[in-house]
Amino acid sequence: MQIDEWQNKINDPQILLSIGLIALSLLCVAFMMFAFGEVPKNDSLFFLNIRILLLIGVIGGVLSVTAVAAVFFLQGAQRAYKAEAQAASQVSELQKKLHSLEAILNAEPQLLMFWDTSGEPSVITNNLLQGDTGIPSESKEIVSFRSWLEPDSAVDLESALEQMFKVGQAFNIMLKTLVGAELEADGRTVGGRIILKFRDVAGWRAELSEMSELKRRMKADAISKQTLLDAIPMPIWFRDGDGRLSWVNHSYVKLVNAQSLESVTKKQIELLEKRQRVDVVKALAQGQIYRSQHHTVVGDDRYVFDTIALPLGSESAGIAIDVAALESAKGELDQHIAAHARTLDRVSTAVAIFGPDMRLNFFNQAYVDIWGLDPVWLETGAKDGEILDKLRTLRILPEQADYQDWKQKQLEGYASNDVQEDWWYLPDSRAIHVVSEQRPDGGVTYLYDDATERIALESRYNALFHVQKETLENLREGVAVFGTDGRLKLFNKSYAQIWKLNSQDLDKGLHIERIIDLCSILHEDDRSWGQIKRAVTSISETRQPLEGQLNRLDGSIIAYACLPLPDGATLLTYVDMTDTKRAELMLVERNEALEAAGRLKNDFIQSVSYELRTPLTNIIGFADLLINPAIGFLNDRQKDYLSDISASSSTLLAIINDILDLATIDAGTFEMKLERVKVADVIKSAALGVRERLVRTKLGLDIRVEPGIDDFICDQKRAIQILYNLLSNAIGFSPQGSRIRLLCTRDQDHIAFTVVDQGCGIPEDEQNLVFDRFESRSQGSKHRGTGLGLSLAKSLVDLHGGDIKLKSKSGKGTIVIVRFPEKGSLKSSPHLATPEASLIDVSPKNYDKLAS
């Protein structure tokens with residue numbers, strides 16, 4: 001206040017005038033001192049007068065100026081007092097208005113910012129607005145809108161201010177601070193200034209702000225949803241309360257070949273057919289969601305749509321999902337699933353697939369076979385744990401001390417992503433390899449492989465491998481296997497011994513060229529080694545085996561064979577044939593000698609037989625002629641002599657005939673005349689041939705034929721000869737007064753003739769020699785034979801395709817059984833069997849009965 005008072009006093013005109021007069025007086029005094037000061041003595045009076053005049057003039061001028069100035073000062077002071085009074089009045093009024101405006105501004109919570117021509121912002125605020133609104137207290141911070149407004153609000157405010165600075169466009173927007181308070185920003189231009197006012201939103205303004213924000217969000221939401229619907233590659237539409245299309249997306253427009261959304265809504269271009277739209281309207285009228293699959297033709301294309309329509313109050317919305325590709329994919333998927341199921345049914349590995357609910361979804365036939373479960377029960381979707389319990393009840397699962405703990409571990413596959421493997425050794429000795437893996441849907445796939453046979457095969461393979469290895473090592477034959485690279489892969493001890501090689505060097509896998517160099521010391525035949533080398537190293541697709549013989553320098557003979565193996569390797573085998581070749585040469589020489597001796601014997605026998613046959617025929621003829629009474633009468637002694645000559649000649653002729661038959665059989669020129677003959681005729685002819693000997697030796701002959709046997713196919717003459725030889729042999733070894741039995745039976749598809757005698761029998765160690773030629777042993781009897789009867793009988797039986805067997809015991813007689821193939825049968829006809837004839841058992845257990 002003191003400073004202001006001093007300023008007012010200085011501005012008073014009287015004071016100013018007084019100050020001016022004092023200053024003028026001081027100036028006059030100074031001038032007078034200058035004028036009346038000490039004058040030099042030498043100056044004249046003239047100069048003194050001049051100084052006085054000058055002084056008077058100056059004083060007069062000063063006084064005049066002072067008077068004029070005083071007048072002007074008095075007038076100015078009067079005007080100043082009036083202006084001061086007016087200014088004071090205006091200041092008072094302005095102060096009142098200022099206080100009123102400050103009261104008005106402070107009465108409402110708001111913040112003012114204004115920009116003058118300098119462009120610098122000024123901030124006017126009060127504490128009422130700065131409470132919890134998040135507005136900073138410092139002006140510098142308030143000007144930085146991004147520091148206290150939300151990003152979107154700050155961007156909106158800055159954009160509005162930019163437009164107002166450019167074109168003076170007023171605005172009124174709603175803002176939100178970082179603390180969540182809502183403000184109203186009102187900007188406008190007033191008198192060349194830009195004013196921005198922030199006010200707290202309350203009451204209807206708050207509601208308006210909320211509605212504005214809701215409108216903004218709804219608009220953004222509508223735009224985003226519309227954009228999303230337009231991006232969906234499926235036709236979507238909305239209908240108003242009248243059922244007319246109000247909006248469709250781009251896919252709808254494109255599908256119906258329309259130009260734009262407006263053209264679709266204007267022309268009401270429908271996607272669905274009329275009957276389909278009727279069904280949709282019915283469903284929507286009942287407030288239900290409509291869903292159905294339609295086959296629709298749009299343009300020139302046929303579509304399969306899964307149509308969905310739902311009511312939205314009085315309006316409705318719909319979408320058509322093109323499921324043609326889905327149906328095709330579903331069909332292909334079903335085909336693939338069926339094909340996979342058929343494939344899995346054919347595999348030997350048991351497969352079971354359980355869903356996330358632990359229920360069985362799929363199993364193949366191998367799964368049923370491996371566990372023996374009921375397929376009908378499995379198809380009900382039994383749980384994994386239930387199946388394990390069922391198998392435990394059937395005593396199929398491995399025995400466990402704590403079954404529940406074991407079961408829980410088996411079911412851990414549903415919670416683990418790791419592949420689990422286990423071996424189940426079942427009580428029935430089966431070994432099951434179990435593999436379980438979690439499926440993407442949370443289920444589990446089980447694979448059960450019955451490895452029982454595989455383990456057994458591996459065991460047998462290992463045993464066989466070791467056996468073969470030991471066998472290979474102990475072979476006298478040298479074995480070497482060369483790989484595709486020509487290097488030695490496998491060899492045995494004999495190979496190293498034959499070629500006198502070091503086994504340690506061979507273990508290094510020497511190349512065939514190096515081995516040939518080592519072996520060439522014993523054999524220098526480059527041609528043979530070249531063939532072996534080519535056979536080992538050749539890459540031809542068609543490799544041929546190679547065989548040969550190596551005559552070594554040490555006199556030994558080595559036979560070799562080179563065989564290609566399936567894997568491309570080559571097997572070489574070497575055998576020391578030195579001793580074998582020598583023995584073979586000896587055998588060849590001996591065989592040639594035996595063949596020469598056999599030919600000589602046959603030639604001799606044939607020559608002798610033919611040479612003896614002619615005179616014997618003459619002797620028999622002349623003996624028969626002499627016995628004839630027409631030639632002349634003979635005494636009894638002569639008749640006895642002739643009878644002996646005739647009998648001996650007949651015996652000798654039979655021997656010669658047998659020898660000729662055997663020679664013919666050996667030469668392969670024996671001819672058989674097969675025909676269907678009567679069993680009775682064969683037996684009768686053979687019996688007539690031995691009748692005289694039976695009478696002479698006082699032996700009996702019993703003949704029995706099984707009922708139903710009539711005929712068979714054979715060479716009648718040779719069949720009679722066979723029975724004749726058997727009967728003759730039985731007669732020769734039978735004691736006087738005994739009986740010989742001839743039995744004919746059917747043995748499956750053969751006709752069997754059995755000759756049983758009660759002679760001395762044949763020791764067991766000699767029974768295998770009775771069919772050899774010229775083997776004749778009396779066994780203590782008086783019989784003396786050539787040893788050709790049984791041998792010839794066996795040869796003839798073999799030619800008929802039959803067989804002959806001999807059963808004998810020393811002291812109990814002999815049984816000889818001859819079987820001829822029946823070759824079919826004819827109608828029954830009379831035979832030699834007596835009414836009491838029956839089947840005779842000729843088995844060894846009935847030997848004693850037959851002999852008796």
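Note that the structure is predicted; figures quoted are calculated from it, not measured.

## Re the environment of Ile817
Part 1 of the argument: You can see Ile817 is positioned in strand β27 (residues 813-821).
Part 2 of the argument: The class for Ile817 is buried, based on a relative accessible area of 10%.
Part 3 of the argument: Residues Ile817 and Lys807, 10 residues apart in the sequence, show an inter-C-alpha distance of 8.4 Å.

## Regarding the pattern of salt bridges
Any two side chains of opposite charge can pair, on the condition that their charged atoms come close.
Part 1 of the argument: Within the structure shown, the criterion is met by 23 salt bridges.
Part 2 of the argument: A salt bridge links Arg239 to Glu270, with the nearest nitrogen and oxygen atoms 2.7 Å apart. Placement of the pair is Arg239 in strand β6 (residues 236-239) and Glu270 in the loop between α8 (261-267) and α9 (274-285), with a sequence separation of 31 residues.
Part 3 of the argument: Given a relative accessible area of 13%, Arg239 falls into the buried group.
Part 4 of the argument: Residue Arg819 is joined to Asp803 by a salt bridge in which the shortest nitrogen-to-oxygen separation is 3.0 Å. Here Arg819 is found in strand β27, whereas its partner Asp803 is found in strand β26 (residues 803-809), with 16 residues between them in sequence.
Part 5 of the argument: Taking relative accessible area as the criterion, Arg819 reaches 17% and is therefore assigned buried.
Part 6 of the argument: Given the relative accessible area of 22%, Asp803 is considered partly exposed.
Part 7 of the argument: What emerges from the salt-bridge pattern is a single network uniting Asp747, Asp803 and Arg819.

## Considerations on the packing of aromatic side chains
Part 1 of the argument: Summed over the entire model, instances satisfying the criterion amount to 23 aromatic pairs.
Part 2 of the argument: Centroid distance Trp424 to Tyr448: 5.9 Å. Interplanar angle 55°. Geometry classified as tilted. Of this pair, Trp424 sits in strand β13 (residues 420-425) while Tyr448 sits in strand β15 (residues 444-450), and the two are 24 residues apart along the sequence. A single burial state applies to Trp424 and to Tyr448, both of which are buried.
Part 3 of the argument: Arranged with centres 5.7 Å apart and planes meeting at 40°, the rings of Tyr495 and Tyr574 form a pair that is tilted. Taken as a pair, Tyr495 in helix α16 (residues 493-498) and Tyr574 in strand β20 (residues 570-576) lie far apart in primary sequence, 79 residues in all.

## Quick look at the nonpolar core
Part 1 of the argument: Counting residues in each nonpolar core, the largest one holds 44 residues, and the members touching the most others are Phe712 and Phe753.
Part 2 of the argument: Of the residues forming this core, the biggest block, eight residues, is contributed by helix α24 (residues 716-733).
Part 3 of the argument: Ignoring anything within four residues of it in the chain, the contact list for Phe712 reads Glu675, Arg676, Val677, Val679, Val682, Ile751, Phe753, Phe820 and Glu822.
Part 4 of the argument: In this structure, Ala352, Trp371, Trp424 and Val434 belong to the second largest nonpolar core, which totals 29 residues.

## Points about the packing of helix α13 (residues 384-393) against helix α14 (residues 403-410)
Relative placement of two packed helices is described by the angle separating their axes and the distance separating the axes.
Part 1 of the argument: Following both chains from N to C, one finds α13 and α14 inclined at 140°, their axes separated by 11 Å at the closest point. Taken together, the axes of α13 and α14 lie oblique to each other. Regarding α13 and α14, the two cross each other, and that crossing is right-handed. Here Gly385, Leu388, Asp389 and Arg392 of α13 lie close against α14, whose contacting residues are Tyr403, Lys407 and Gln410.

## Some words on the sheet that holds strand β16 (residues 478-482)
The strands making up a sheet are joined through hydrogen bonds of the backbone, oriented either antiparallel or parallel.
Part 1 of the argument: As summarised here, the arrangement of the five strands in space is β17-β16-β20-β19-β18, forming an open sheet in which the pairing is antiparallel. The sheet terminates laterally at β17 (488-491) and β18 (546-551), the two strands that pair on one side only. Going across the sheet, the axis of each strand differs from the next one's by a mean of 20°, ignoring polarity.
Part 2 of the argument: Pairing of strand β19 (residues 557-564) with β20 involves seven bridges; the strand directions are antiparallel. If you follow Ala561 over to β20, its bridge partner there is Thr573.
Part 3 of the argument: Helix-sheet contacts for helix α19 (residues 526-537) involve β16, β18, β19 and β20, and the interaxial angle to β20 is about 145°.

## Remarks on the confidence of the model for the protein chain
Part 1 of the argument: Per-residue pLDDT for the protein chain has a mean of 78; in total, 83% of the residues score no lower than 70.
Part 2 of the argument: Element-level pLDDT for the protein chain is lowest in helix α26 (residues 847-851), with a mean of 43, against a maximum mean of 92 in strand β25 (residues 750-756).
Part 3 of the argument: In this model, residues 1-10 is a region of pLDDT below 50 whose contacts with residues beyond four sequence positions or in other chains number three contacts.
Part 4 of the argument: Contacts for the low-pLDDT stretch residues 824-852, under 50 throughout, to residues beyond four places or in other chains number 51 contacts.

What counts as what
- Residues numbered from 1 in each chain as written.
- Predicted model: local features only at pLDDT ≥ 70, side-chain atom pairs only at ≥ 80, totals over all residues.
- Heavy atoms only, no water.
- Helix = DSSP H or I, 4+ residues; strand = E, 2+ residues; numbered from the N terminus.
- Buried < 20%, exposed > 50% of the residue type's maximum accessible area, 1.4 Å probe, protein only.
- Salt bridge = Lys/Arg side-chain N within 4 Å of Asp/Glu carboxyl O.
- Phe/Tyr/Trp six-rings, centres within 6.5 Å; stacked < 30°, edge-to-face > 60°.
- Core = buried A, V, L, I, M, F, W, Y, C linked by side-chain atoms within 4.5 Å.
- Contact = heavy atoms within 4.5 Å.
- Axes fitted to C-alpha atoms, helices over the stretch in contact; angles between N-to-C directions.
- Parallel < 35°, antiparallel > 145°, perpendicular 65-115°, else oblique.
- Left-handed = near helix turned anticlockwise from the far one by under 90°.
- Pairing = 2+ DSSP bridges.
- pLDDT = per-residue confidence, 0-100.

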